[in-house]
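This is what each chain is made of:
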Amino acid sequence: MKRILITLFLVLPLTVAAKSKDDSKYLAGAVPEVDGQIVFSKSFSVTGKTQEEILSVLGAWADGLVEASIPAPGNYARIMESTDSSIVARVCEWLVFLKKPLYLDRARLRFQMDVNVEGDHVSISAYTLTYYYSEDNDGENGQLIKAEEWISDKEALNKAQTKLYPKSAKFRRRTVDRMESLFESAMDAFTPTEEAAPVEKPVRQGIVED
């Protein structure tokens, strides 16, 4: 019996370590800031298309994000501006942390997005991110949190910048993942469905990443 207990004590730490998250992707620098404001951005070029054609594709993409948006206080989700070289939109989405039978942990993520096209070059930025969390069944009495106060390096990382604080870790992880998928979807908008790339290494027709 004693041998069994000793074995369990030796194996348990290894099991816990195996189940621990690898947060290296979400540590220092994963959430970029510009003048104290969190700003996620992506730049790429689309070869073989005119500025007008590129903006048309991205306009349809932005419209899709707005149409898929969830309710937020006031008339939040909408296209705010559209010119021959830029689009400004506001989006509101569910950020799901955990979903199980009879349990759902999520927050409303709101952000503003700027799309700029100059020739064949595209730049997209997402900023003024906020969360609405812990709302009741009627969507009321939730907590409104600014991203700068919750997922910035200063607020979300320990002093050594080697670990995420538990209170905001899930917000930082899911936000970084969502911003990556947001930019991926923008680039994928230029890839015909019938020429979809292998999952392990995406290739987008006409896309050159900066």
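Use the structure listed above.
It should be emphasised that the depicted structure is a prediction, and the values quoted were computed from it without experimental measurement.

Cut-offs used in this document
- What you see as residue numbers is a count from 1 along each chain, following the sequence as written.
- Totals for whole chains, interfaces and linings use every residue, but because this is a predicted model, local features are given only for residues with pLDDT of at least 70 and side-chain atom pairs only at 80 or more, for both listing and counting.
- Remark: hydrogens and water are excluded; side-chain values derive from all non-hydrogen atoms of the structure.
- Remark: nonpolar core denotes a set of buried residues (Ala, Val, Leu, Ile, Met, Phe, Trp, Tyr, Cys) joined through side-chain atoms within 4.5 Å.
- For every residue, the accessible area obtained with a 1.4 Å probe (protein chains only) is divided by the maximum for its type, and the residue is called buried under 20%, exposed over 50%, and partly exposed between those limits.
- Numbered from the N terminus, helices here are DSSP runs of H or I no shorter than four residues, and strands are runs of E no shorter than two.
- Any two residues having at least one pair of non-hydrogen atoms within 4.5 Å are treated as being in contact.
- Between rings of Phe, Tyr and Trp, where Trp is taken as its six-membered ring, a pair exists when centres lie within 6.5 Å; planes separated by under 30 degrees are stacked, by over 60 edge-to-face, and by other angles tilted.
- Cation placement over rings: the criterion is NZ of Lys or CZ of Arg within 6 Å of the ring centroid and within 35° of the ring normal.
- With axes taken as lines fitted to C-alpha atoms, and helix axes fitted only over the stretch in contact, angles between N-to-C directions fall between 0 and 180 degrees.
- In these notes the angle categories are as follows: under 35 degrees is roughly parallel, over 145 is roughly antiparallel, 65 to 115 is roughly perpendicular, and the rest is oblique.
- Think of it as three bins: nonpolar holds Ala, Val, Leu, Ile, Met, Phe, Trp, Tyr, Cys and Pro, charged holds Asp, Glu, Lys and Arg, and polar takes everything else, Gly as well.
- Within 3.5 Å is the distance limit for a polar contact, defined as a pair of N or O atoms, with the added protein rule that one can donate a hydrogen and the other accept it, and that residues adjacent in sequence qualify only through two side-chain atoms.

J.: For the nonpolar core, give the residues involved together with the corresponding values.
T.: Judged by nonpolar contacts, the single largest core of 48 residues is most densely connected at Leu58, Trp61, Phe111, Met113, Ile124, Met179 and Leu182. Counting residues per element, the ones that place at least two in this core are strand E2 (37-46), helix H2 (51-67), strand E4 (86-100), strand E5 (103-118), strand E6 (121-133) and helix H4 (166-188). Ranked by residues supplied to this core, first place goes to H4 with 8 residues. In contact with Leu182, other than residues within four places in its own chain, are Trp61, Leu65, Phe111, Met113 and Ala126.

J.: Could you give an account of the packing of aromatic side chains, with specific residues and numbers?
T.: The full count for this structure, using the stated rule, is 6 aromatic pairs. With centroids separated by 6.4 Å and ring planes inclined at 70 degrees, the aromatic side chains of Phe44 and Phe190 adopt a geometry described as edge-to-face. Of this pair, Phe44 sits in strand E2 while Phe190 is found in the loop between H4 and strand E8 (207-209), placing the two residues 146 residues apart along the sequence. A single burial state applies to Phe44 and to Phe190, both of which are buried. On the basis of an interplanar angle of 85 degrees and a centroid distance of 5.1 Å, the ring pair of Tyr133 and Phe171 is categorised as edge-to-face. Separated by 38 residues along the polypeptide, Tyr133 in strand E6 and Phe171 in helix H4 bring together distant segments of the chain. Given a relative accessible area of 1%, Phe171 falls into the buried group. When the ring centre of Tyr76 is taken as origin, the NZ or CZ atom of Arg110, which lies over that ring, is 5.3 Å away.

J.: Before we move on, can you summarise the packing of H2 against H4 with the specific residues and values?
T.: Put simply, H2 and H4 touch, their axes get as near as 10 Å, and they point 140 degrees apart. Taken together, the axes of H2 and H4 are oblique relative to one another. Between H2 and H4, the residues in contact are Leu58, Trp61 and Leu65 and Arg178, Leu182, Ser185 and Ala186, respectively. Looking at the contact of H2 with H4 residue by residue, the class counts come to 5 nonpolar, 1 polar and 1 charged.

J.: How would you sum up unusual backbone geometry? Please name residues and give values.
T.: In this structure, Asn141 is a non-glycine residue whose phi angle is positive, near 60 degrees. Here Asn141 lies in the loop between E6 and strand E7 (143-146). For Asn141, a relative accessible area of 66% puts it in the exposed group. One non-glycine residue, Gln161, lies in positive phi territory at about 60 degrees. Position of Gln161 relative to the elements: it lies in the loop between helix H3 (153-156) and H4.

J.: Account for the environment of Tyr76, naming residues and giving values.
T.: The topology assignment puts Tyr76 in the loop between H2 and strand E3 (78-82). In this structure the side chain of Tyr76 is engaged in a polar contact, spanning 3.3 Å, whose partner is the backbone nitrogen of Phe111.

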